[in-house]
Number of protein chains: 2
Amino acid sequence: MARTGRRPGATRTREEILQAARADFGEKGYNGASVRGIARRAGVDPALVHHYFGSKDQVFVAAMELPYDPGDVLERVMLDTGQDPAEAVLRVFLQVWGDPRTQAPMLALIRSAVGTEQAADIVRGFMGDVLLRRIAPRLGVSPLRASLVASQLFGMVLVRYVIRVEPLASASPEDVVALYAPAVRLAMDLPKGP
Amino acid sequence: MARTGRRPGATRTREEILQAARADFGEKGYNGASVRGIARRAGVDPALVHHYFGSKDQVFVAAMELPYDPGDVLERVMLDTGQDPAEAVLRVFLQVWGDPRTQAPMLALIRSAVGTEQAADIVRGFMGDVLLRRIAPRLGVSPLRASLVASQLFGMVLVRYVIRVEPLASASPEDVVALYAPAVRLAMDLPKGP
């Protein structure tokens, strides 16, 4: 099964880091894995891992082939002061989960996290890290409040896309945004816009 | 394996109805199953099924050995005008999911609904039925809004009890109620209390 076709060195190194990351997360769980350990396993300098991917949660997103990092999405949304953050975050979730191509890897991750303790451990560490280190400080709220916002978003995903309960499963994205955004905004506890 | 010990006729009939119900839901899914079909399979009159259990969703709850029916909980909560409905519903969810004995059957149902399409189909029919026929009319809101309230509650359960993400997993029930109830109340769109 060995492929002998040559690829540019950078792509190969990137792939080797991702492979090392998958092995490290799988063996040690999210909290046990580290950029340093992943670099050691791939035989590269930790600075190179940071250069290609960024922090541990971003390495995880790339390794699991997830379409987006919730931390990145929220940071992007919060920088764009032209739109309401609750509506913007909901639109991103609806877009990613509404497209079968980007939905597939997210669905696989949620399915395994709900089904097996090993996968739950990995997702638990990843979500806790993103909530504590990136989302809560960015929103300026407590990590507990940030995890309740995550509950609202993942609950919507569970009911609409995983179990597909009507009428939520067939509602238009804009109807969902209009009805749900006020409650998400309240859980975010944001000051009113400018 | 046949047990020859005698049980009172009523208990035996009740058990036979539940066995017929499990078979009917399993074969036809939630929407395909009916009180009439379950009664026929158990060899009893449909009125007896209603007498023992009530409506189809209540037969389902008994057959799956679930600790509670979300429709029942909400109706009970709405009748008790002395407490805030959002806080009361959250407390019931936290209580049922916080106790390992009552958590176990709910967790098994959610795990299988997320993991297999057959179980998802059954849970989808059950939740849609309860939302449309019991919860939405009782709250006086659209079924879409009722399904968003369900999203908030099941999302909290997913993050706190299934994946167990910190800090939500270890937060005290009263902290969760205090922080989350305003957002749940807003999704319920209830008029302010008396």
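Because the structure is predicted, anything quoted here is derived from the model rather than measured. Throughout, residues of each chain are indexed from 1 in the direction in which the sequence is written. As a convention, the first chain written is A and the first ligand written is 1, with the rest following in written order. Two thresholds apply to this predicted model, a pLDDT of at least 70 for residue-level local features and 80 or more for giving and counting side-chain atom pairs, whereas whole-chain, interface and lining totals are computed over all residues. Derived side-chain values reflect all non-hydrogen atoms in the structure, with water molecules and hydrogen atoms excluded from consideration.

### Things to note about the UniProt feature "DNA-binding region" (unreviewed entry) in chain A
Step number 1: UniProt marks residues 34-53 of chain A with the feature "DNA-binding region" (unreviewed entry), using the numbering shown here.
Step number 2: Only DSSP runs of H or I with at least four residues qualify as helices, and only runs of E with at least two residues qualify as strands; both kinds are numbered from the N terminus onward. From the first C-alpha to the last, residues 34-53 of chain A spans 13 Å; its make-up is 75% helix and 0% strand. UniProt positions are given in the numbering used here, feature names are shortened, and annotations may be inferred rather than shown by experiment.

### Regarding the domain arrangement of chain A
Residues and elements named next belong to chain A.
Step number 1: We note that the domain assignment places domain 1 (9-63) and domain 2 (70-188) within chain A.
Step number 2: Domain delimitation follows an automatic or database domain assignment. Averaged C-alpha coordinates put domain 1 and domain 2 at centres separated by 25 Å.
Step number 3: Contacts: residue pairs with any heavy atoms within 4.5 Å of one another. On the domain 2 side, the residues contacting the eleven residues of domain 1 number eleven residues.
Step number 4: Carbon and sulfur atoms supply 59% of the area buried between domain 1 and domain 2, which totals about 860 Å² over both sides.
Step number 5: The largest share of the area that domain 1 buries against domain 2 comes from Tyr30, Asp57 and Phe60, three residues that together contribute 57% of it.
Step number 6: Only one rule defines a salt bridge in this text: a Lys or Arg side-chain nitrogen within 4 Å of an Asp or Glu carboxyl oxygen. Taken together, domain 1 and domain 2 are joined by two salt bridges.
Step number 7: Residue Arg134 pairs with Asp57 through a salt bridge whose shortest N-O separation is 2.5 Å.
Step number 8: Polar contacts, as counted here, are pairs of nitrogen or oxygen atoms within 3.5 Å of one another; within protein the pair requires one atom able to donate a hydrogen and one able to accept it, and residues that are adjacent in sequence qualify only if both atoms are side-chain atoms. Summed over the shared surface of domain 1 and domain 2, the number is five residue pairs in polar contact (both at pLDDT 80 or more).
Step number 9: Residue composition of the side of domain 1 that touches domain 2, by class: four nonpolar, five polar and two charged. Note: buried area is the sum, over both parts, of the accessible area (probe 1.4 Å) each one loses when the two are combined. Residues are grouped as follows: Ala, Val, Leu, Ile, Met, Phe, Trp, Tyr, Cys and Pro are nonpolar; Asp, Glu, Lys and Arg are charged; all remaining types, including Gly, are polar.

### A word on the interface of chain A and chain B
Step number 1: The partner chain B presents 42 residues to the 42 residues of chain A that form the contact.
Step number 2: Summed over both sides, the interface between chain A and chain B buries roughly 3,600 Å², with carbon and sulfur atoms accounting for 75% of that surface.
Step number 3: Among the residues of chain A in contact with chain B, Val114, Ile163 and Leu179 of chain A are the three that bury the most area, contributing 18% of the side total.
Step number 4: In this structure, the connection of chain A to chain B is made through two salt bridges.
Step number 5: Glu117 of chain A is the partner of Arg164 of chain B in a salt bridge, and the nearest nitrogen-oxygen pair spans 3.4 Å.
Step number 6: Put simply, chain A and chain B have eight residue pairs in polar contact (both at pLDDT 80 or more) between them.
Step number 7: Mapped by element, the contributors of at least two residues to the side of chain A that touches chain B are α7 (100-115), α8 (117-139), α9 (143-162) and α10 (173-188) of chain A.

### Side note on the relation of the copies chain A and chain B
Step number 1: To superpose the copies, least squares is applied to the C-alpha atoms of every residue with a pLDDT of at least 70 in both. Its rotation angle being 180°, the transformation that places chain A on chain B also includes 0.0 Å of axial translation and leaves an RMSD of 0.0 Å. The operation mapping one copy onto its partner corresponds to a two-fold rotation axis. No C-alpha of chain A approaches the rotation axis more nearly than that of Gly155 of chain A, which lies at 1.7 Å.
Step number 2: In this assembly, 100% of the residues forming the interface of chain A have copies in chain B that are likewise at the interface, indicating an isologous arrangement.

### With respect to unusual backbone geometry
Residues and elements named next belong to chain A.
Step number 1: Geometrically, the link from Glu166 to Pro167 is a cis peptide bond, its omega value of 5° lying close to zero.
Step number 2: Mapped onto the elements, Pro167 comes out in the loop between α9 and α10.
Step number 3: With a phi close to 55°, Glu65 is a non-glycine residue in the positive phi region.
Step number 4: With respect to the helices and strands, the residue Glu65 is situated in the loop between α4 (56-63) and α5 (70-79).
Step number 5: Accessibility here uses a 1.4 Å probe with only protein chains present; expressed as a share of the type maximum, an area under 20% marks a residue as buried, one over 50% as exposed, and anything in between as partly exposed. Note on Glu65: relative accessible area 58%, which makes it exposed.
Step number 6: Phi is positive for Arg164, which is not a glycine, with a value near 60°.
Step number 7: Residue placement: Arg164 occurs in the loop between α9 and α10.

### Details of the UniProt feature "domain: HTH tetR-type" (unreviewed entry) in chain A
Step number 1: Under the UniProt annotation, the feature "domain: HTH tetR-type" (unreviewed entry) is placed at residues 11-71 of chain A.
Step number 2: Here residues 11-71 of chain A is 77% helix and 0% strand, with 25 Å between the C-alpha atoms at its ends.

### Section: helix α2 (residues 35-42) of chain B
Since the α-helix packs 3.6 residues into each turn, any two residues three or four apart lie on the same face.
Step number 1: Among the residues of α2 of chain B, Val35, Gly37, Ile38, Ala39 and Ala42 of chain B are the ones counted as buried.
Step number 2: Turning to α2 of chain B, the residues buried within the fold contact α1 (9-32), α3 (46-52) and α4 (56-63) of chain B.

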